[in-house]
Amino acid sequence: MASSAQIHSNVYTEEDGTAVVHTYSCLMKGHSHPNRDAQLLRTVGKVVLALTTAYLTFVGSKAWLRPSQAVTPLVVDLDWIRSSHECPDDDGTAAHRVCFFHNLVVYQSQLVYLYQGPRPPEIPDILLNWHMDLHLDIVTMSASPRSRKFVVMKEAQVQHVKVSTLTWRQYHLNYYHGMGEAVIDIYNLACKYLQYCGTRNSSELTPIYIEKPGDQMSWEQALPSAAQAMHCLFPGKAHWIGDSDIHDKVLLVKTAVVGIGPYSRRWRGFPDQAAKFQEVYGTMDVHVADTYRTRLTQCFKLQYKQHNTEGPYDVTIVNRDYQKGRHIVNVKEVAEGITAMEHVKSTRVIYMEPLTFKQQIQVYADSHVLVMTHGAALINILFMPKGSAVVVYNWLQREHLSLHTWVTDYMSDLHLNVNFVGVSTQDRRHLYPQKEKHVFQPEYASLPDDEKVALLERGLCPSSHNLPGCDDMHMKFAVEWNLLQPAMVSAFASLQHTASRHALDGATIMS
């Protein structure tokens, strides 16, 4: 009597749409022929595989069914998901450790590591921010039906993220820290450890920002330049871990990389911190720095002019709006003085406030010699032509600290082939508080008469009361031509050299 065979097929769908069919049989009672049964199983298996592949091809062809490239909704049974990790770049220190996590979950503003067994795994200590001593925070969760939290999480909608960077953005709404540190941190991880350096489909990568409590304002709202740069580097949607639109969803991250590594793009800090920081971290990898600059330059289609290193030179002065503070009050006279110098073809004064981000960085790309004051816009030096020169005029006074390090650290970290000349003034007579603003503040009414006179006549901030905004960082000032003129001469001379650094206020930073 011939027996009948019952065929079972389980179909699993991989992220790339490949159907994996596991076919097995359960022979009913009775007699059977081994060869015939085996042939029957092979035939049925081929039919099931063909039908499944055809169905998946049909579904995949429907554009209206396709989610975004970076985040892919899938039906996932979390019972079968287990997290894992490895740390290939590990010298035994949390400061340098970089680890890869697989099947990591983002759920309700937390990173969740799913495990099975009686004991949770030991999560490696990973430093996220050296200056603030912030370490990676991951919650371990047992993938067991006895775990109430796991049972609740299983009911949430699951979205797949193919690959991600996990970074903590320090002061990221500030232009210097956002564009000059946080965006570079993300690119450094993606390029150095995931090889997303602009040569692969970078839209596959989903940056996830894990700072907590974080800031409710996004880059799109508060710092559009950073949002535009990120969209250029990684066009897919990014997430802050506290975003409300993903709070009650499960983001299942197939591969995530996290850590600082041996190189860090950060301002070193004040002298006591700077020395220690430099003992721990080196400058960025040259390849990463070069591809970062190249990628942004190409994305924003920046145009570069041909400049003659012998001159005559086109000089750009970057000034700030009068109401913003840090405004050069005698900028017209300064521009006329520069134009009258030997080897100068023209001088222009540019205000960044009304310009788009692309227009701003194009100003730097157009500049062979650029004059600016201390401020976050200094990071746009990244886009200046190779071999060009920047002159930074500093009026701030900080004990035991050269303000030029904000510029020179950045230039050194990114291996920029731009000449630098820094000059500082110690003469406080040329600083001007925003008097017209302060006289309307309620704190001004409480000042004694002698401090009011000192503020209005000599530009001195009061010592008895805190007058908001009355500090040198917010003041307007006049540039002293006797200091700027020799700095310009040094800048013109430096165009004959490669990446020279000079400070005319007491020390040579690099030469």
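Keep in mind it's a predicted model, so treat the numbers as computed, not measured.

1. A short note on the overall build of the protein
Moving on, step 1. Counting its secondary structure elements, the protein contains 14 helices and 21 strands.
Moving on, step 2. Among the 511 residues that make up the protein, the fraction classed as buried is 48%.
Moving on, step 3. Sequence-distant contacts in the protein: of pairs separated by 6 or more residues, those separated by 24 or more amount to 72%.
Moving on, step 4. Accessible surface computed for the protein: about 25,300 Å², of which carbon and sulfur atoms make up 53%.

2. Quick notes on helix H7 (residues 286-299)
Moving on, step 1. Between its first and last C-alpha atoms H7 spans 20 Å; for 14 residues at 1.5 Å apiece the expected length is 20 Å, and the two agree.
Moving on, step 2. All of the buried residues in H7 are Val 288, Ala 289, Thr 291, Tyr 292, Arg 293, Leu 296 and Thr 297.
Moving on, step 3. For H7, the secondary structure elements touched by its buried residues are helix H3 (175-194) and helix H5 (224-233).
Moving on, step 4. The backbone nitrogen of His 287 lies 2.9 Å from a side-chain oxygen of the residue at the head of H7, namely Asp 285.
Moving on, step 5. Looking at the residues trailing H7, positive phi occurs at Lys 301, about 50°.

3. Notes on the state of the cysteines
Moving on, step 1. The tally for this structure, following the rule as stated, stands at three disulfides.
Moving on, step 2. Note on cysteine connectivity: Cys 87 is disulfide-linked to Cys 99, with sulfurs 1.9 Å apart. On the sign convention where negative means left-handed, the S-S torsion of about 100° between Cys 87 and Cys 99 marks this disulfide as right-handed. Pair noted here: Cys 87 is in strand S4 (residues 84-89) and Cys 99 is in strand S5 (residues 98-107), with a separation of twelve residues, a long-range link.
Moving on, step 3. Look at Cys 99 and you get buried, because its relative accessible area is 0%.
Moving on, step 4. A sulfur-sulfur separation of 2.4 Å characterises the disulfide bridge that pairs Cys 232 with Cys 299.

4. Remarks on the nonpolar core
Moving on, step 1. Counting 117 residues, the largest nonpolar core has Trp 219 and Met 488 as its most contacted members.
Moving on, step 2. Ranked by residue count, the leading element in this core is H3, at 13 residues.
Moving on, step 3. Discounting residues that sit within four places of it in the chain, Trp 219 has contacts with Arg 169, His 172, Leu 173, Gly 178, Ala 182, Val 183, Ile 186, Tyr 209, Pro 224, Ala 226, Ala 227 and Met 230.
Moving on, step 4. One finds Leu 78, Met 141, Phe 150 and Ala 156 within the second-largest nonpolar core, a separate group that totals 14 residues.

5. Quick notes on the side chain of Thr 291
Moving on, step 1. Within the secondary structure, Thr 291 sits in helix H7.
Moving on, step 2. Reaching out from Thr 291, the side chain makes a polar contact with the backbone oxygen of Val 288 at a distance of 3.1 Å.
Moving on, step 3. Ignoring any residue separated from it by four or fewer positions in sequence, one finds Thr 291 in contact with Tyr 187, Cys 191 and Cys 197.

6. Remarks on the packing of aromatic side chains
Aromatic rings considered in pairs are described by the distance between their centres and by the relative angle of their planes.
Moving on, step 1. Under the definition given, this model contains twelve aromatic pairs.
Moving on, step 2. Summarising the aromatic geometry, the rings of Tyr 187 and Phe 234 are spaced 6.3 Å apart at their centres and angled 35° between planes, so their arrangement reads as tilted. Of this pair, Tyr 187 sits in helix H3 while Phe 234 is found in the loop between H5 and strand S12 (239-240), placing the two residues 47 residues apart along the sequence. Both residues of the pair, Tyr 187 and Phe 234, count as buried.
Moving on, step 3. An angle of 85° between the planes, with centres 5.3 Å apart, marks the rings of Phe 300 and Phe 357 as edge-to-face.

7. Overview of unusual backbone geometry
Moving on, step 1. Of note, the amide linkage connecting Gly 311 to Pro 312 takes the cis form, showing an omega dihedral of 0°.
Moving on, step 2. As for its placement among the helices and strands, Pro 312 is situated in the loop between H7 and strand S14 (313-319).
Moving on, step 3. A positive phi angle, close to 65°, is found at Gln 195, a residue other than glycine.
Moving on, step 4. Structurally, the position occupied by Gln 195 is in the loop between H3 and strand S11 (208-209).
Moving on, step 5. Phi at His 415 is positive, roughly 55°, even though this residue is not glycine.
Moving on, step 6. Along the chain, the position of His 415 falls in the loop between helix H10 (405-413) and strand S18 (419-424).

8. What about the pairing of strand S16 (residues 369-373)?
Moving on, step 1. The buried fraction of S16 is high, at five of five residues.
Moving on, step 2. Pairing of S14 with S16 involves three bridges; the strand directions are parallel. The residue bridging Thr 316 from the neighbouring strand is Leu 370, located in S16.
Moving on, step 3. Bridge analysis of S16 against strand S17 (residues 389-394) gives five bridges, and the strand direction is parallel.

9. A few points about helix H13 (residues 449-458)
Moving on, step 1. When H13 is considered as a whole, its buried residues turn out to be Glu 451, Lys 452, Ala 454 and Leu 455. The arc that holds the buried residues of H13, viewed along the axis, is 160°, so those residues lie on one side. In H13, the exposed positions that point more than 90 degrees away from the buried face belong to Asp 449, Asp 450, Glu 457 and Arg 458.
Moving on, step 2. Close packing links the buried residues of H13 with helix H11 (435-438) and helix H12 (442-445).
Moving on, step 3. Two residues or fewer after H13 comes Gly 459, characterised by a positive phi angle close to 70°.

10. Quick look at the confidence of the model for the protein
Moving on, step 1. Of the residues in the protein, 80% reach a pLDDT of 70 or more, and the chain-wide mean stands at 81.
Moving on, step 2. Mean pLDDT across the elements of the protein ranges from a minimum in strand S2 (residues 19-27), with 33, to a maximum in S5, with 97.
Moving on, step 3. Between residues 1-32, whose pLDDT stays under 50, and residues either more than four places distant or in other chains, the model counts 60 contacts.
Moving on, step 4. Of the regions scoring below 50 in pLDDT, residues 506-511 engages in 13 contacts with residues more than four places distant in sequence or in other chains.

11. What to know about the side chain of Ser 264
Moving on, step 1. Summarising the element assignment, Ser 264 is placed in the loop between strand S13 (250-259) and helix H6 (271-280).
Moving on, step 2. Excluding residues within four positions of it along the chain, Ser 264 makes contact with Phe 277, Tyr 281, Gly 282 and Asp 413.

Each value, and the rule that gives it
- Residues numbered from 1 in each chain as written.
- Predicted model: local features only at pLDDT ≥ 70, side-chain atom pairs only at ≥ 80, totals over all residues.
- Heavy atoms only, no water.
- Helix = DSSP H or I, 4+ residues; strand = E, 2+ residues; numbered from the N terminus.
- Buried < 20%, exposed > 50% of the residue type's maximum accessible area, 1.4 Å probe, protein only.
- Contact = heavy atoms within 4.5 Å.
- Areas by Shrake-Rupley, 256 points an atom, 1.4 Å probe, with all protein chains shown as cover.
- Expected span 1.5 Å × (residues − 1).
- Polar contact = N/O pair within 3.5 Å; in protein donor to acceptor, adjacent residues only side chain to side chain.
- Disulfide = S-S within 2.5 Å.
- Core = buried A, V, L, I, M, F, W, Y, C linked by side-chain atoms within 4.5 Å.
- Phe/Tyr/Trp six-rings, centres within 6.5 Å; stacked < 30°, edge-to-face > 60°.
- Pairing = 2+ DSSP bridges.
- Arc of directions from axis to C-beta.
- pLDDT = per-residue confidence, 0-100.

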